[in-house]
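Close look at the chain arrangement
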Amino acid sequence: MPDTADILRLESLQVHFPIRGGFFDRVLGRPAGAVRAVDGIDLNVGQGEIVALVGESGSGKTTVGRVITKLAQPTGGRLLFEGRDMTSERGSSTLRPYRRRVQMIFQDAYQALNPRHTVFDIVAEPLRSLRLVENHSQLTERVSEALAAAGLNPSGDFFPRFPHELSGGQRQRVVIAGALAVKPELIVADEPVSMLDVSIRAQILQVLVDLRDKHHMALLFITHDLPLAWLIADRIAVLYLGRLVEIGTADQITFNPRHPYTVALRNATPQIRGDADRSKLPALQGEVPSAARVPKGCRFHPRCPLAFDRCKEEEPPALEVGPQHMSACWLTK
Amino acid sequence: MTEPSRSTALLLNVDGLSVDYKLKGLSSRAIDGVSFALRAGEAVALVGESGSGKTTTAMAIAGLLSPNARVSEGEVRYRGERLPINDDVAMRPHRWSETSVVFQGAMNALNPVHRITKQIAEPCILRLGLSRSEATVRARELLELVGIPADRGAAYPHELSGGMRQRVMIAMALACRPSIVIGDEPTTALDVITQAQILKLFGDLRSKLNLALILITHDLSVVAETCDRVMIMYAGRIVEDGTVADVFAQPKHPYTQLLIESIPNPANGKRMIRPIPGDPPNLVNRPSGCAFHSRCPSAMTVCATEVPSLDEVRRGRVACHLHRPLTQEDKVAIHA
Ligand SMILES: Nc1ncnc2c1ncn2[C@@H]1O[C@H](COP(=O)(O)OP(=O)(O)OP(=O)(O)O)[C@@H](O)[C@H]1O
Ligand SMILES: Nc1ncnc2c1ncn2[C@@H]1O[C@H](COP(=O)(O)OP(=O)(O)OP(=O)(O)O)[C@@H](O)[C@H]1O
Ligand code: SF4
Ligand code: SF4
Ligand SMILES: [Mg+2]
Ligand SMILES: [Mg+2]
């Protein structure tokens, strides 16, 4: 893929958090380690491209999003936006224009909304602080437009409400409206439709796809839901314990996964219709993965049905397995 | 769909429950005449559009409605006893050990200044009368049960991922061995593998301890895997109720039909899903007749004026003028 068309690039991105040992660790003087939330990720998002980032709970998806939106500082690697190194940028003179161009839809709709602000003020806030409107009628129009795009109709009904006066899915849509109102060039959407029913979900996804089609907006769509990733994305990147284990087109990852973890993920995705066989629970065994105790060698080896000796010692590199398709497994050649 | 449970005692009876919210002097009815029963060991799903009243139903049953809400009609009985759902203090002895709730957005309900293990241990000390060290042991076990290494219990909530916090809330809800768990989107933040582990845990508790489950979710595959029965809500009313197999294979209510049709299915290459046209109805100025009539492809003249009641039909219940309720003779014929 041509570099010039990339709006976003992550190079060997790493985010480690110092560990908080339990009482026993402190008493026994065990060494404090690190939670390796993000542990060396290379990823690019093209202009107007939709990339889905999938992975299990705790695999580092939100942390990647927080680095991109400058809410978390990486401990290693680089964050490039249109080729410009943003890793250590802090000044408000660079960050304000950056925030206008890059917005995040937060995973936790309960935490993301200020409980003392009305829906109107919540959606209006970035428009005011980024000085995107000239007068109040413009402001009202932008807020109204964004709420309607997020499926909150008639939008005026929601203006004076406080977050606790909304249902869960309505809150989530206020968070979405906040990001849409800014009209950014890149949205990092962290599980943006998790609390929405299929119909409203379809409506929101259509809005995001339209923004890409008409305004060439790029989207990093974080989700734990493989069918949803397939539905919206051009490419899917699969994260496991802080590392990308596979990346490819949406169809390749969904229908022809190569990495054993992606295969397990696909096999565990239940049939959506009512004839689901509930005895077909996933085959993955082994200890619960934890970013605080990343296994040596291939980090998937304790749960991998195909693991062999080498996997316990050496970490496999990401290798090309087809056009635009990479997998990090010793079995892929 | 599951093996018969040991006892099917009636645990919960929700009868004609209606809740109004007051906003700026205007009252809106969020749920209207909700009635259903729940037996020990049973798992019932509550499914419906965003804003259709699922959380309000759950909160009303647990006696946890917000201050601007009022139960205007109906009652809730637990093992035959009427619950004081309008009185927060009087409800306290019933929470945690009888009915516990995994709140929607639970990931934000944890106390930010206490370590995880301590927060799970707290209700065990208060309700089960455990000592602090016993409660800590139980908390560590519960963490492992929901797939979080017990050592991570030393962390503060902000140090855990969204899905990990959600699982901590599930562990807390299970801590005092309740007879009913109401899970309000309890697995929305979880990937399929972690989710399957939690659903299996619920399944084990159902078969071993006869736990009853009310599962609120948008994920119909979770419903299919976990529940025996499903109730569909639209604009504050239950519009369909039946076994999971019946409702998924032969949905009766037009809303249910559209809902099931709009599920994306990678297996047949159906990519972009089609939303149900139109907007959810305004709860302050409720439409007359059937609340779905402006969006319903089968609407008839009667639908604009008469509210369809939730009637028993051959298999289950449905509120739609297209479906004729069972007559006395039908009922006799079925039972004969
Ligand atoms: N501020 C922090 N301090 C310490 N550890 C953290 C912090 N934030 C995240 N972590 C840890 O980093 C790992 C990755 O967390 P992250 O929130 O990125 O996961 P995620 O993929 O978004 O998971 P989920 O799907 O559950 O939301 C987890 O083990 C988490 O506990
Ligand atoms: N405290 C409140 N004050 C006023 N209105 C409220 C309040 N809480 C909820 N509502 C309204 O009541 C209706 C039902 O809300 P409820 O939270 O029960 O929906 P829900 O079915 O759980 O939706 P979701 O799937 O989005 O969580 C919604 O229209 C919501 O806006
Ligand atoms: S490298 Fe080995 S352990 Fe890792 S995914 Fe491949 S086969 Fe499994
Ligand atoms: S009652 Fe009428 S409008 Fe309502 S769902 Fe049935 S057919 Fe449609
Ligand atoms: Mg997350
Ligand atoms: Mg809700």
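Bear in mind the structure is a predicted one, so any value in this text is a computation, not a measurement.

**Structural notes on the nonpolar core**
All names here are of chain A. Ranked by internal contacts, the top residues of the largest apolar core, which has 68 residues, are V143, L219, F221, I232 and I236. In terms of residues, this core owes the most to one element, helix α7 (residues 168-181), which gives 7 residues. Every residue in contact with I236, bar those within four places of it in the chain, is listed here: A52, V54, L226, A229, W230, E246, I247, G248, T249, A250, I253 and T254.

**Remarks on the pairing of strand β1 (residues 6-18) of chain A**
Regular strands have side chains that alternate between both faces of the sheet. Residues and elements named next belong to chain A. Summarising the sheet, β1 and strand β2 (residues 34-46) pair through 10 bridges and their orientation is antiparallel. Bridge pairing in β2 links V15 to V38. Bridge count for β1 against strand β4 (residues 76-81) is 5 bridges, and the pairing is antiparallel. Pairing of L8 across the sheet is with F81, part of β4.

**Thoughts on the site of ligand 3**
Not every one of the 13 residues close to ligand 3 is listed here, only the nearest: C298, C304, C311, C329 and W330 of chain A. Each residue belonging to the shell around ligand 3 can be placed in one class, and the counts come to 11 nonpolar, 2 polar and no charged.

**Focus on the pattern of salt bridges**
All names here are of chain A. Taken as a whole, this structure holds 40 salt bridges over all chains when the rule is applied. Among the salt bridges present, the one from D39 reaches R36, with a minimum N-O distance of 3.0 Å. As a salt-bridge pair, K183 and E145 come within 3.7 Å of each other at their nearest N and O atoms. With K183 in the loop between α7 and β7 (186-190) and E145 in helix α5 (residues 136-149), the pair connects residues that are 38 residues apart, well separated along the chain. Overall, the relative accessible area of 51% leaves K183 in the exposed class.

**Details of the sheet that holds β1 of chain A**
Where strands meet in a sheet, backbone hydrogen bonds hold them as pairs that are either parallel or antiparallel. All names here are of chain A. Strands sit in the order β2-β1-β4-β5 across an open sheet of 4 strands; the sheet is antiparallel. Looking along the sheet, the strands with just one partner apiece sit at the ends: β2 and β5 (84-85). The pairing of β4 with β5 spans 2 bridges and is antiparallel. Considered in β5, the bridge of L80 is made with D85. Strand contacts of helix α2 (residues 61-68): β1, β2 and β4, with the helix running at about 120° to β1, the strand carrying the most contacts.

**A word on helix α9 (residues 254-261) of chain B**
Residues spaced three or four apart along an α-helix face the same direction, because each turn holds 3.6 residues. In terms of residue burial, α9 of chain B counts as a mostly covered element, since 6 of its 8 residues are buried. The complete set of buried residues in α9 of chain B reads P254, Y255, T256, L258, L259 and I260 of chain B. Contact partners of the buried residues in α9 of chain B: α8 (198-215) of chain A together with β3 (43-48), α7 (220-226), β9 (229-234), β10 (237-243) and α8 (244-249) of chain B.

**Comments concerning the coordination of the magnesium ion (ligand 6)**
All names here are of chain B. Taken together, the protein donors to the magnesium ion (ligand 6) comprise T55 (OG1) and Q104 (OE1), at separations of 1.9 to 2.2 Å. Here the residue T55 occupies a position in helix α1 (residues 54-61), and Q104 occupies one in the loop between β6 (99-102) and α3 (116-128), the gap between them amounting to 49 residues. Among the residues examined, T55 registers a relative accessible area of 26% and is labelled partly exposed. With relative accessibility at 10%, the residue Q104 sits in the buried group.

**With respect to the sheet that holds strand β1 (residues 10-23) of chain B**
All names here are of chain B. One open sheet accounts for 4 strands, arranged β2-β1-β4-β5; its pairing is antiparallel. Looking along the sheet, the strands with just one partner apiece sit at the ends: β2 (26-39) and β5 (81-82). Sheet topology places strand β4 (residues 69-78) next to β5; 2 bridges connect them, and they run antiparallel. Residue Y78 lies in a different strand from β5, and its bridge partner there is E81.

**A look at the coordination of the magnesium ion (ligand 5)**
Residue and element names in this part refer to chain A. Taken together, T62 (OG1) and Q107 (OE1) make up the protein donors of the magnesium ion (ligand 5), found 2.0 to 2.3 Å from the metal. With T62 in helix α2 and Q107 in the loop between β6 (102-105) and α4 (119-129), this pair connects stretches of sequence that are 45 residues apart. Assessed through its relative accessible area of 14%, Q107 is described here as buried.

**Digging into a nonpolar patch on the surface**
Residues and elements named next belong to chain A. A cluster of nonpolar residues, L306, F308 and L331, forms a patch on the protein surface that exposes about 250 Å² of accessible area. Secondary-structure assignment places L306 in the loop between α11 (260-268) and α12 (309-313). For L306, a relative accessible area of 49% corresponds to the partly exposed category.

**Describing the confidence of the model for chain A**
Of all residues in chain A, 89% have pLDDT values of 70 or greater, and the mean over the chain is 89. Note that residues 271-282 of chain A has pLDDT below 50 and, in this model, 28 contacts with residues that lie over four places away or in other chains.

**With respect to the site of ligand 2**
Inspection of the region around ligand 2 gives 23 residues, with S167, G169 and Q170 of chain A together with S50 and T56 of chain B positioned closest. Lying at an intersection of chains, ligand 2 is approached by residues of chains A and B. In the environment of ligand 2, an oxygen atom lies 2.6 Å from a nitrogen or oxygen atom belonging to the side chain of S50 of chain B. S66 of chain B places a polar side-chain atom, nitrogen or oxygen, 3.2 Å from a nitrogen atom of ligand 2. Protein contact buries 96% of the 640 Å² of open area that ligand 2 shows by itself. Elements that contribute at least two residues to the shell around ligand 2 include exactly α7 of chain A together with β1 and α1 of chain B. Looking at side-chain class alone, the shell around ligand 2 contains 4 nonpolar, 15 polar and 4 charged residues.

**Here's the deal with the packing of α3 of chain B against helix α4 (residues 132-145) of chain B**
Packed helices, taken two at a time, are described by their axes: the angle between them and the distance between them. Residue and element names in this part refer to chain B. It is at 8 Å that the axes of α3 and α4 come closest, and there the two elements cross at 120°. With respect to each other, α3 and α4 are oriented oblique. Note on packing geometry: the crossing formed by α3 with α4 is right-handed. Listed contacts from α4 to I116, T117, K118, I120, A121, E122, C124, I125 and L128 of α3 are R132, A135, T136, R138, A139, R140, L142 and L143. Of the residues in the contact of α3 with α4, the class split is 10 nonpolar, 2 polar and 5 charged.

**Brief notes about the pairing of β3 of chain B**
All names here are of chain B. Here β3 lies mainly inside the structure; 6 of its 6 residues are buried. The side-chain alternation of β3 yields two buried faces, one formed by A43, A45 and V47 and the other by V44, L46 and G48. Strand direction decides the pairing type here: β3 and strand β8 (residues 212-216), joined by 4 bridges, are parallel. If you follow A43 over to β8, its bridge partner there is L213. Looking at chain direction, β3 and β9 are connected through 5 bridges and run parallel. The residue bridging L46 from the neighbouring strand is M231, located in β9.

The rules behind the values
- Residues numbered from 1 in each chain as written.
- Chains lettered and ligands numbered in written order.
- Predicted model: local features only at pLDDT ≥ 70, side-chain atom pairs only at ≥ 80, totals over all residues.
- Heavy atoms only, no water.
- Core = buried A, V, L, I, M, F, W, Y, C linked by side-chain atoms within 4.5 Å.
- Buried < 20%, exposed > 50% of the residue type's maximum accessible area, 1.4 Å probe, protein only.
- Helix = DSSP H or I, 4+ residues; strand = E, 2+ residues; numbered from the N terminus.
- Contact = heavy atoms within 4.5 Å.
- Pairing = 2+ DSSP bridges.
- Near = heavy atom within 4 Å.
- Nonpolar A, V, L, I, M, F, W, Y, C, P; charged D, E, K, R; others polar.
- Salt bridge = Lys/Arg side-chain N within 4 Å of Asp/Glu carboxyl O.
- Axes fitted to C-alpha atoms, helices over the stretch in contact; angles between N-to-C directions.
- Donors = N, O, S within 2.8 Å, 3.2 Å for Na, K, Ca; no water.
- Patch = residues over 30% accessible without salt bridge, like charges linked within 9 Å, V, L, I, M, F, W, Y side chains within 5 Å.
- Areas by Shrake-Rupley, 256 points an atom, 1.4 Å probe, with all protein chains shown as cover.
- pLDDT = per-residue confidence, 0-100.
- Polar contact = N/O pair within 3.5 Å; in protein donor to acceptor, adjacent residues only side chain to side chain.
- Parallel < 35°, antiparallel > 145°, perpendicular 65-115°, else oblique.
- Left-handed = near helix turned anticlockwise from the far one by under 90°.

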